[in-house]
Amino acid sequence: MECWIRGRLDLLVCNLQLLKLDLRADLKVNLLYSGSELSLGAASTSSLQGTVRVAPCACRDQASCQCLVATPGLNHTYLLWLEMVAGGTALGSPLMALQPTDIVKPEAPVKLHLELAEKGQVKLCWSNPAPLPFPLQHQVRISAPPGHGDSQQMLQVVLESSMALDNALLDSPCSVQVRSRNLRGPGFWSDWSTPYNLTLGAQVLYFPARTLARAGSSLSFLCTVRNRSQPVAARELVWWLNLAEPLPASQTSVLSSRVSRVTLPELRASQPRGSFLYSALYCCHQSRQCHHTYAELYVVDMDFNISCETDGYLTKMTCRWSANPTTLLLGSLQLRYHRSQIYCSDFPSPSPNSEVKECLLQRNHSYECTFQPIFLLSGYTLWIEFKHSLGTLQSSPTCVIPADVVKPLPPSSVGAEVTRNTGLLNVSWSQPVFASRGLTFQIRWKAGSREEVPWQLYEVPNPAGSWAGIRVEQLCVEYVVQVRCRELEGSGYWSDWSRAAQTLVQDIRAPVQGPEFWRMVSEDPAGKQRNVTLLWKPLMQNDSLCSVSRYIIKHQTPGNPSWEEFVDHGTSWTFPWMEPTHTVTILAMNSVGISATNSNLTLSQQMSTVDAVQSLSAYLVNSTCVVVVWSLSPQIPGIKSFVIEWRNLNQEEQMKWLRVPPNLRKYFIYDHFILVEKYQFSLYPVFAGGVGKARATEQFAQGGFETGSTGSLHVVLPIVFSTSVLLLGALLVSHQRMKKLLWEDVPNPKNCSWAQGVNFQQPETLEHLFAKHPEPMSCEPLLLEAEMVLEDISITRTSGKEEPGDFLGTDSTFPTPQDSECDSACSSSHFQSSSFCRSCQDGEGAAQGDLRYATVISSCASSGLCRRKTGPRSCLGSCSLGQHPIVLGAFCSAAWEVGSGALLVLPGCQPGRALSLLSSEGFSEPWHERSLCYLGVTALDKGHRDLLLTDSSRGTDLLTEGEGLQHISASVKEFIQSSLKPKGTVPYVPQFRMAAAKGQQATEKK
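The rules we used
Residues numbered from 1 in each chain as written. Predicted model: local features only at pLDDT ≥ 70, side-chain atom pairs only at ≥ 80, totals over all residues. Heavy atoms only, no water. Helix = DSSP H or I, 4+ residues; strand = E, 2+ residues; numbered from the N terminus. Buried < 20%, exposed > 50% of the residue type's maximum accessible area, 1.4 Å probe, protein only. Contact = heavy atoms within 4.5 Å. Areas by Shrake-Rupley, 256 points an atom, 1.4 Å probe, with all protein chains shown as cover. Pairing = 2+ DSSP bridges. Axes fitted to C-alpha atoms, helices over the stretch in contact; angles between N-to-C directions. Core = buried A, V, L, I, M, F, W, Y, C linked by side-chain atoms within 4.5 Å. Phe/Tyr/Trp six-rings, centres within 6.5 Å; stacked < 30°, edge-to-face > 60°. Lys, Arg positive; Asp, Glu negative; His and termini not counted. Salt bridge = Lys/Arg side-chain N within 4 Å of Asp/Glu carboxyl O. Disulfide = S-S within 2.5 Å. Patch = residues over 30% accessible without salt bridge, like charges linked within 9 Å, V, L, I, M, F, W, Y side chains within 5 Å. Polar contact = N/O pair within 3.5 Å; in protein donor to acceptor, adjacent residues only side chain to side chain. pLDDT = per-residue confidence, 0-100.

Chemist: Can you tell me about the overall build of the protein, naming the residues and giving the values?
Modeler: Counting secondary structure elements, the protein contains 7 helices and 66 strands. Burial statistics for the protein: of 1006 residues in total, 41% are counted as buried. Considering only contacts in the protein between residues 6 or more positions apart, those separated by 24 or more positions represent 66%. Summed over all atoms, the accessible surface of the protein reaches about 55000 Å², with 52% contributed by carbon and sulfur.

So, in structure tokens, the structure goes:
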């Protein structure tokens, strides 16, 4: 019989093996057992305690039976025996004693897997399915597949549930099994675990695979990667954070040929990403191929600010601290504390004898804990503990002494008043109860009780008593005052503000002066009586200090004693005027006294006829301002002031008035004026003996007025600005018109090859184009091949009708060296030579090209021969053709006679130089007689027609082979045709023309 305890320690199993197989079929086997506290050697039937229990045995066949005993006690000794019953006869076996702890058979190990160790080694790890009260020893069986050496290898590992593997074993296709048994006593080996194939292990291993860290700390990770059972070199591995942020190479290093390491400095708290509450760290191949396995990093912000305050009654201490909502998602928080006997240590640290303080979660993710009762001089060391499945973190501890964090009660019996003579706001209070230390105080105050008025803060200087004085500027307002306090020593808190105290507004002194007033006189025709209504303006607080309780109206008439009338409310008073002269004075009175400086006004019938104002004008500036201008009659001195009245005549509104100094002759009245309404303005001169005759106006004057001050700038500036704008606009318009008049017949330079690259915005451009240059200038763009090409033809119109076949050609290029200093001119006003650019090449250099021009000029009515006339020092050559003398210039080639009067002059010498010839008349002829024409020249042998283009008739066939050359003699025509050769690009130069014969007729076809 063999018995053992199952690995879960909940069942005793006994297997019975029968030696004789010919037993009867009605055989029954029972296991009887009872507990005993004796040792195995002393156990007998006499030592049985308690009831003997029977466990039936199940015989699957006649060869073996199994007996089960549930929940055996590990600390007892069991006595067992078997009882067999066959045919009514019972047989018993000898006694057997056993100790359950000695016959335990653990469960087979589970969860075999590979892990990466701290030093980069790979370990095989496993776990036990059920905990046992004693340590275990393990056996590891490594099995190689057939053809790979020994099939088995037994290894024994003590205590630890892991075993280090070398790289050779990891690279082999072996499988591993593990079993366990009791280390310190007898027992049974467990069954072998399920085989684990090393080549099919994890492709990526991390150390640590999951970890918990605090924010601000540094942490290192290790990884090793296998790709299809082949290890990947560590230098080919890169690290990614959350697969979104590659970690720099400066943070990575190689621990071994297969292990890569990365260090994360200054860790930041993990932020939730959906359902993920951690940061994922990936170890990938440098080709960005990443396995789905990653390392989990939980980073918790453990920076907690614990603040405590002791109440003013010194009975309890309340501590508060806030937590990040993310931290609450990761784990649980609790406050732990330890109280020392007295005061705090210099370097507080968590104590193993700490206690947990229950705290209540508030609305704003803060916690509040209350210590009551408290020891005022004891030191309370506090810290926050964070619990997670991966471990526990603790915040930095802080130590608090309740006596140093007291928040006193607010001061009581606060009072405030403003002194009459010194202008001080005096504040008094009583110190709070239970204040055992010295206190400092703060006062906040504001004028009025409105919430939008900001508070002003006043620090009471130390040592503080029970009152303070604050100097204020406004003495006639109500002030609201509050006081708070704090202990001088320790890191205590300010108390709450006391109840508000308010000052009472009271008179500081008598009014400085009486009010300024004016009168309105109204006639009563029925009673033949005049009534006077006095109008005055209320005194400002600075003048009354602080109020006016009543106004006193003092009357004085000649020969009568003065009398007084009192006005408690209002700013007007009416009385009858019956005496020729009546003097009125208004005084202001408050609780302190009566105003000492007062103004008076004399009502005199005689003075009311004095006409001192000669003229009065009112000018409307805008809807809020009117300027009143007046002049005085000469030789009327003694004016003390002026009073201006104005009212709206279309509406029944009260008259408005103001007093003006006597030295002004113009005054700006600021009020709301309706432009479509009618107003009356009146001016009264005020003398010491009465009020003079008024001058009034009921309409606004037109025009301007003298600006005696800067107040009229807003009238003059708009006029000046408008005039400037108009002048600028006129200047721009005239500039555009002048440009149009002067340049309407000038071609667009963009269409001319000779003007390419010329900046016409520069002022000297025109001067350089049409003026003579003393030295040769470079003109490379016009140096073409040395071929005889007819580049341009200028057609000149004559006054009379001429034969269409009479043309004259003149050479306009290549002058002689002695004539190159000046241009040619013709005495006739009907012809001008064109100006051309001269070559910078002199005779020594090779010619870059040969630029040639021919000018065809209509002949006179009578034929004649043009003779070339040149002097030894002259630069002018002239020719006479009929009645029209023409200046041809200094030519170095001979002229050609053409038929009956036409002459074509072509270049023939010095091909390397070109001279610009400018007519002596310039552009002196009228512009309407000239227009520009262009002649496009192509090869005749290709059958194309020559095309003459003008500025108004583009694309019109003007001078063609059949028309322009049909009236020229055969010799000249043959010469021209022989000079025209095929070319790729033919530049053109504009010339002025006067249309003649065929040219005139073709040009006018518009």
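Chemist: Break down the sheet that holds strand 54 (residues 666-670) for me, citing the residues and quoting the values.
Modeler: An order of 50-51-54 is seen for the 3 strands of this open sheet, with the pairing classed as antiparallel. Each edge of the open sheet carries a strand with a single partner, namely strand 50 (613-622) and strand 54. Across the sheet, the axes of successive neighbouring strands diverge by a mean angle of 20 degrees, strand direction being ignored. Pairing analysis gives 5 bridges linking strand 51 (residues 625-632) to strand 54, with the strands arranged antiparallel. By the bridge assignment for strand 54, valine 628 is matched with tyrosine 667.

Chemist: Give me the nonpolar core: which residues, what numbers.
Modeler: Core analysis: the largest hydrophobic core is formed by 28 residues, its most contacted members being Ile306, Met317, Trp321, Leu335, Phe371, Leu382 and Phe386. For this core, the secondary-structure elements that each account for two or more residues are strand 26 (295-300), strand 28 (317-322), strand 29 (332-339), strand 32 (366-371) and strand 33 (380-388). Beyond its immediate stretch of four places on either side in the chain, phenylalanine 386 contacts Leu212, Val300, Met302, Thr327, Leu330, Gly331, Ser332, Leu333, Gly391, Thr392 and Leu393. Residues Val427, Trp445, Ile470 and Tyr479 belong to the second largest nonpolar core, which totals 26 residues.

Chemist: So what's going on with the packing of aromatic side chains? Residues and values would help.
Modeler: Tallying each qualifying case throughout the model produces 21 aromatic pairs. Look at tyrosine 282 and tyrosine 294: their rings are 5.3 Å apart centre to centre, the planes differ by 50 degrees, and that puts the pair in the tilted class. With tyrosine 282 in strand 25 (residues 279-285) and tyrosine 294 in the loop between strand 25 and strand 26, this residue pair connects regions lying 12 residues apart in the sequence. Tyrosine 282 gets classed as buried once you look at its relative accessible area, which sits at 12%. Overall, tyrosine 294 belongs to the partly exposed group, its relative accessible area being 24%.

Chemist: Let's hear about unusual backbone geometry: which residues, and what values?
Modeler: For the bond from phenylalanine 207 to proline 208, the omega torsion is -10 degrees, close enough to zero to count as cis. Counting through the fold element by element, proline 208 comes out in the loop between strand 17 (204-207) and strand 18 (210-214). Look at the link from asparagine 462 to proline 463: it is a cis peptide, with omega at -5 degrees. Assignment of secondary structure puts proline 463 in the loop between strand 39 (456-459) and strand 40 (467-471).

Chemist: Requested: an account of the pairing of strand 29, with residues and values cited.
Modeler: Strand direction decides the pairing type here: strand 29 and strand 33, joined by 8 bridges, are antiparallel. Its bridge partner being in strand 33, glutamine 334 is matched across the sheet by glutamate 385. Pairing of strand 29 with strand 30 (residues 355-357) involves 3 bridges; the strand directions are antiparallel. Looking at strand 30, one finds that arginine 336 is bridged to valine 356.

Chemist: Give a description of the sheet that holds strand 26 that names residues and reports values.
Modeler: Taken in spatial order, the 5 strands make up an open sheet running 18-26-25-21-22, and their pairing is mixed. Edge positions in the sheet fall to strand 18 and strand 22 (245-246), since each of these pairs with one other strand and no more. Pairing analysis gives 5 bridges linking strand 18 to strand 26, with the strands arranged parallel. The partner of alanine 213 across the bridge, within strand 26, is valine 299.

Chemist: So what about the side chain of arginine 181? Which residues, and what values?
Modeler: In this fold, arginine 181 is placed in strand 15 (residues 175-182). Buried and without a salt bridge, arginine 181 has aspartate 102 as its closest oppositely charged side chain, separated by 9.2 Å. If we skip the residues at most four places from it in the chain, arginine 181 touches Pro106, Pro135, Leu136, Gln137, Pro186, Gly187, Phe188 and Trp189.

Chemist: Quick rundown of the pattern of salt bridges? Include the residues and the values.
Modeler: As enumerated under the stated definition, the model contains 17 salt bridges in all. Put simply, arginine 210 and glutamate 296 hold a salt bridge, and the shortest N to O gap is 2.8 Å. You can see arginine 210 sitting in strand 18 and its partner glutamate 296 sitting in strand 26, a full 86 residues away along the chain. In this structure arginine 210 comes out as partly exposed when scored by relative accessible area, which is 40%. A salt bridge links arginine 336 to glutamate 385; the nearest nitrogen and oxygen atoms lie 3.7 Å apart. Note that arginine 336 is positioned in strand 29 and glutamate 385 in strand 33, a separation of 49 residues in sequence. We note that arginine 336, like glutamate 385, is buried. The network of salt bridges with common partners includes Asp171, Arg226 and Arg258.

Chemist: Which residues make up the state of the cysteines, and what values do they have?
Modeler: In this structure the tally under the stated criterion is 9 disulfides. The disulfide that involves cysteine 223 links it to cysteine 283, with 2.0 Å between the sulfurs. Of the two residues, cysteine 223 sits in strand 19 (residues 219-227) while cysteine 283 sits in strand 25, which places them 60 residues apart along the sequence. Each member of the pair, cysteine 223 as well as cysteine 283, carries the same accessibility label: buried.

Chemist: Before we move on, can you summarise the pairing of strand 25 with the specific residues and values?
Modeler: Burial of strand 25 is extensive: 6 of the 7 residues sit out of reach of the surface. In terms of strand pairing, strand 21 (residues 237-241) meets strand 25 through 5 bridges, oriented antiparallel. Paired with leucine 241 across the two strands is leucine 281, which belongs to strand 25. Bridge count between strand 25 and strand 26: 3 bridges; the pairing is antiparallel. Within strand 26, the position partnered with alanine 280 by the bridge is glutamate 296.

Chemist: Which residues make up a nonpolar patch on the surface, and what values go with them?
Modeler: Together, Ile342, Tyr343, Leu376 and Leu377 line one region of the surface with nonpolar side chains, adding up to about 360 Å² of accessible area. Tracing the sequence through the fold places isoleucine 342 in the loop between strand 29 and strand 30.

Chemist: Give me the environment of tyrosine 206: which residues, what numbers.
Modeler: Position of tyrosine 206 among the secondary structure elements: in strand 17. Overall, tyrosine 206 belongs to the buried group, its relative accessible area being 7%. Setting aside chain neighbours within four positions, we find tyrosine 206 in contact with Leu116, Leu222, Cys223, Trp239, Leu281, Tyr282, Cys283, Thr293, Tyr294 and Ala295. A distance of 2.8 Å separates the side chain of tyrosine 206 from the backbone nitrogen of cysteine 283, its partner in a polar contact.

Chemist: Outline the environment of alanine 500, listing residues and values.
Modeler: Along the polypeptide, alanine 500 turns up in the loop between strand 41 (479-487) and strand 42 (501-502). Alanine 500 sits 56 residues away from arginine 444 along the chain, and the two C-alpha atoms are 9.8 Å apart. Residues contacting alanine 500, with those up to four places away along its chain left out, are Val480, Val481 and Gln482.

Chemist: Before we move on, could you go through the side chain of serine 395 and cite the residues and values that matter?
Modeler: Tracing the backbone through its elements, the reader meets serine 395 in the loop between strand 34 (391-394) and strand 35 (398-400). One polar contact links the side chain of serine 395 to the main-chain amide nitrogen of isoleucine 384, over a distance of 2.8 Å. Contact partners of serine 395, with chain neighbours within four places excluded, come to Arg214, Met302, Phe304, Trp383 and Ile384.

Chemist: Residues and numbers for the confidence of the model for the protein, please.
Modeler: Counting all residues, the mean pLDDT for the protein is 76, and 69% of those residues have values of 70 or more. Per-residue pLDDT stays below 50 along residues 707-712; that stretch engages in 8 contacts with residues further than four places along the chain or on separate chains. Under a pLDDT of 50 for its full length, residues 774-967 has, in the predicted model, 440 contacts with residues more than four places off or in other chains.

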